[in-house]
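# Residue-level structure breakdown
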Amino acid sequence: MIFNVDDIRAQFPILSREINGYPLAYLDNAASAQKPQAVMDALTHQMRTSFANVHRGLHTMANETTEAFEGARAKVAKFLGAPKSENIVFTKGASEALNLVAYGLAGEIKKGDEIILTQMEHHSNIVPWHFLRERYGAVLRFAPVLDNGELDVMALKGLLSSKTKIVSVVHMSNVLGTINPVQDIAKWVKAAGAIFVVDGTQAAVHMDVDVVDIGVDFYCMTGHKLYGPTGIGALYGTLEMLNRLQPFNGGGEMISDVFEDRVTYNDPPHKFEAGTPPILEAIGLGAAIDWYSQFNRADIHQHEMAVYHHALDGLRDINSFRLIGEAPEKGSVLAFNLQGAHAHDVAQILDKYGIAVRAGQHCTQPLMTRFGMHSTARASFGIYNTLDEADRLVEGVKKCLTFLT
Ligand SMILES: *Cc1c(COP(=O)(O)O)cnc(C)c1O
């Protein structure tokens, strides 16, 4: 299939709306992506034709819905390169997946055990580990980020020791766009005998991911940034790790037997999915994966980076423009500031021209601190963005200058 952005845009009804009298330029994809008609259709089709609770089935629709739900799990497994469906736990999103890992490993943490993170982590991959620091005396160590936005991998390597219990690293930063060499890091982490967790929330959208190739113990992703529904994400774990991980939520479906004096658990992944799961959301995620998989990932990446570079070329002419994140390996995220202007004001002015960007800390306060900033504006490009929208961003930022500086 040839990559044609107009054909792709036509599949997103929302992209034809106007904001403040201008055509919408949606450049906030790192926060959440819009949904194609195929995903909406999959959800309504399921609700119109066959819906029941899953796994309880003795009737036709229960079986059909279970098949669709488990089918979605198989799609996620294939998408991430997981050997089996059983490797995939459905969660509410990436945050819940990381919380599940932290909670599930808490029982193994002793005072002084070290957890290594990086300065470019999302709060979702920091705060759950702080819980282990507060409650069990774990020590958190942060691998530094270099001035160009690259991870200081040698410093990270230097932090590894016999005290290291867990290493958790973002695959692609939601602010810097930096793509980290997780395959190399995995080798060092394994050699140190620690558990390797990767936050793939952005990477799963923008690059080919193969969890077995990388050599991770856990990998997480989320549906809403992959053109799918909110309320659904996934945790990949090796079967060994999923068996080792303590469950987080208790309830129906996650147990094998319940007695007055003891309980036995279901096998993974069901052990982690107490109660009625997000059935429709999971089916919607499966549809998003089907939709996305019709395109070649390299084509998508090339297109997104062309839009990114087009915008950056225009913005670099502005004296007060400052980009953060210039790693050689990076995705289509453009975080910037205009000296003398507040990022929130920039975002608000751009919105007047129909351009949606995010401004703030992007849930990465340690990273902002590292770069001596309180906030940045951020344009993040997805599959449906165009060179014309990149031009509009540049023009919009120039207008901000006349208002703000
Ligand atoms: C969005 C994001 C998260 C949180 O994902 P949710 O599914 O919204 O919980 C975690 N890490 C990164 C890098 C993100 O971009």
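Parameters and conventions
Residues numbered from 1 in each chain as written. Predicted model: local features only at pLDDT ≥ 70, side-chain atom pairs only at ≥ 80, totals over all residues. Heavy atoms only, no water. Helix = DSSP H or I, 4+ residues; strand = E, 2+ residues; numbered from the N terminus. Buried < 20%, exposed > 50% of the residue type's maximum accessible area, 1.4 Å probe, protein only. Areas by Shrake-Rupley, 256 points an atom, 1.4 Å probe, with all protein chains shown as cover. Lys, Arg positive; Asp, Glu negative; His and termini not counted. Charge placed at Lys NZ, Arg CZ, Asp CG, Glu CD. Domains from an automatic or database assignment. Contact = heavy atoms within 4.5 Å. Buried area = accessible area lost by both parts, 1.4 Å probe. Salt bridge = Lys/Arg side-chain N within 4 Å of Asp/Glu carboxyl O. Polar contact = N/O pair within 3.5 Å; in protein donor to acceptor, adjacent residues only side chain to side chain. Core = buried A, V, L, I, M, F, W, Y, C linked by side-chain atoms within 4.5 Å. Arc of directions from axis to C-beta. Pairing = 2+ DSSP bridges. Axes fitted to C-alpha atoms, helices over the stretch in contact; angles between N-to-C directions. Phe/Tyr/Trp six-rings, centres within 6.5 Å; stacked < 30°, edge-to-face > 60°.

Our next topic: the overall build of the chain. Assigned secondary structure in the chain consists of 15 helices and 17 strands. Reported as C-alpha extents along the three principal axes, the dimensions of the chain are approximately 70 × 55 × 35 Å. Taken over 405 residues, the chain has a buried fraction of 56%. A total of about 16,800 Å² of accessible surface is found on the chain, and carbon and sulfur atoms cover 50% of it. Side chains of the chain give 35 positive and 45 negative charges; the mean places of these two sets differ by 5 Å.

This next bit is on the domain arrangement of the chain. Each assigned domain of the chain is listed here: domain 1 (5–31 + 296–404) and domain 2 (41–293). Distance from the C-alpha centre of domain 1 to the C-alpha centre of domain 2: 28 Å. Every contact between the two is made by 36 residues of domain 1 and, on the other side, 33 residues of domain 2. Here domain 1 meets domain 2 over a buried area of about 2,700 Å², counting both sides, of which 56% is carbon and sulfur. It is Arg297, Leu367 and Arg370 that lose the most area in domain 1 upon contact with domain 2, and together they represent 25% of the buried surface on that side. There are one salt bridge connecting domain 1 and domain 2. With a closest N to O distance of 2.6 Å, Arg370 and Asp147 form a salt bridge. Across the contact surface, domain 1 and domain 2 share 20 residue pairs in polar contact (both at pLDDT 80 or more). Sorting the residues of the side of domain 1 that touches domain 2 by element identifies α12 (297–315), β14 (333–338) and α14 (365–370) as the ones contributing at least two each. No other element matches α14, which puts five residues into the side of domain 1 that touches domain 2.

Let us look at the nonpolar core. Ranked by internal contacts, the top residues of the largest apolar core, which has 74 residues, are Leu80, Phe196 and Tyr219. In terms of residue count, helix α11 (residues 279–293) provides more of this core than any other element does, seven residues in total. Mapped onto the domain boundaries, this core takes at least three residues apiece from domain 1 (5–31 + 296–404) and domain 2 (41–293). The residues contacting Tyr219, other than those within four sequence positions of it, are Leu80, His171, Val198, Gly200, Ala203, Ala204, Val209, Val211, Ile214, Ala234, Leu235 and Tyr236. Counting 33 residues, the second-largest nonpolar core is a separate cluster that includes Ile355, Ala379, Val397 and Cys400.

The next subject is helix α7 (residues 182–191). Taken together, the buried positions of α7 are Val182, Ile185, Ala186, Trp188 and Val189. The secondary structure elements touched by the buried residues of α7 are α6 (153–159), β7 (164–170), β8 (195–199) and α9 (211–214). Backbone geometry just downstream of α7 places Gly193 in the positive-phi region, at approximately 75°.

Further remarks concern helix α13 (residues 343–352). Those residues of α13 lying buried are Ala343, Val346, Ala347, Ile349 and Leu350. The arc that holds every buried residue of α13, seen down its axis, measures 165°, which confines them to one face. Of the exposed residues in α13, those oriented more than 90 degrees away from the buried face are Gln348 and Lys352. The inward-facing, buried residues of α13 abut β14, β15 (355–356), β16 (358–360), β17 (376–380) and α15 (387–404). Among the residues trailing α13, Gly354 stands out with phi positive, at a value near 80°.

The next point concerns the sheet that holds strand β13 (residues 321–324). In any sheet, the strands associate via hydrogen bonds between backbone groups, in a parallel or an antiparallel arrangement. As summarised here, the arrangement of the four strands in space is β13-β14-β17-β16, forming an open sheet in which the pairing is antiparallel. Only two strands of the sheet have a single partner each, and these edge strands are β13 and β16. Across this sheet, the average inter-strand angle for adjacent strands is 30°, counted without regard to direction. Direction of pairing for β14 relative to β17: antiparallel, over a ladder of four bridges. Within the sheet, the bridge partner assigned to Val333 lies in β17 and is Ser380. Docked against the sheet, α13 engages β14, β16 and β17, running at close to 160° with respect to β16.

Our next topic: the pairing of strand β4 (residues 88–91). Burial along β4 is two-sided: Ile88 and Phe90 facing one way and Val89 and Thr91 facing the other are all buried. Examined bridge by bridge, β4 and strand β10 (residues 233–237) share four bridges and lie antiparallel to one another. The partner of Phe90 across the bridge, within β10, is Ala234.

Let us now look at the packing of aromatic side chains. A complete count under the given rule lists twelve aromatic pairs for this structure. Ring geometry for Tyr22 against Tyr353: centres 5.5 Å apart, planes inclined by 65°, an arrangement best described as edge-to-face. With Tyr22 in strand β2 (residues 22–23) and Tyr353 in the loop between α13 and β15, this residue pair connects regions lying 331 residues apart in the sequence. Looking at Tyr22, the relative accessible area reads 34%, which means it is partly exposed. Pairing Phe69 with Phe90 gives two aromatic rings, centres 5.2 Å apart and planes at 45°, and the pair type is tilted. On the criterion of sequence distance, the pair formed by Phe69 in helix α3 (residues 60–80) and Phe90 in strand β4 is long-range, its members being 21 residues apart.

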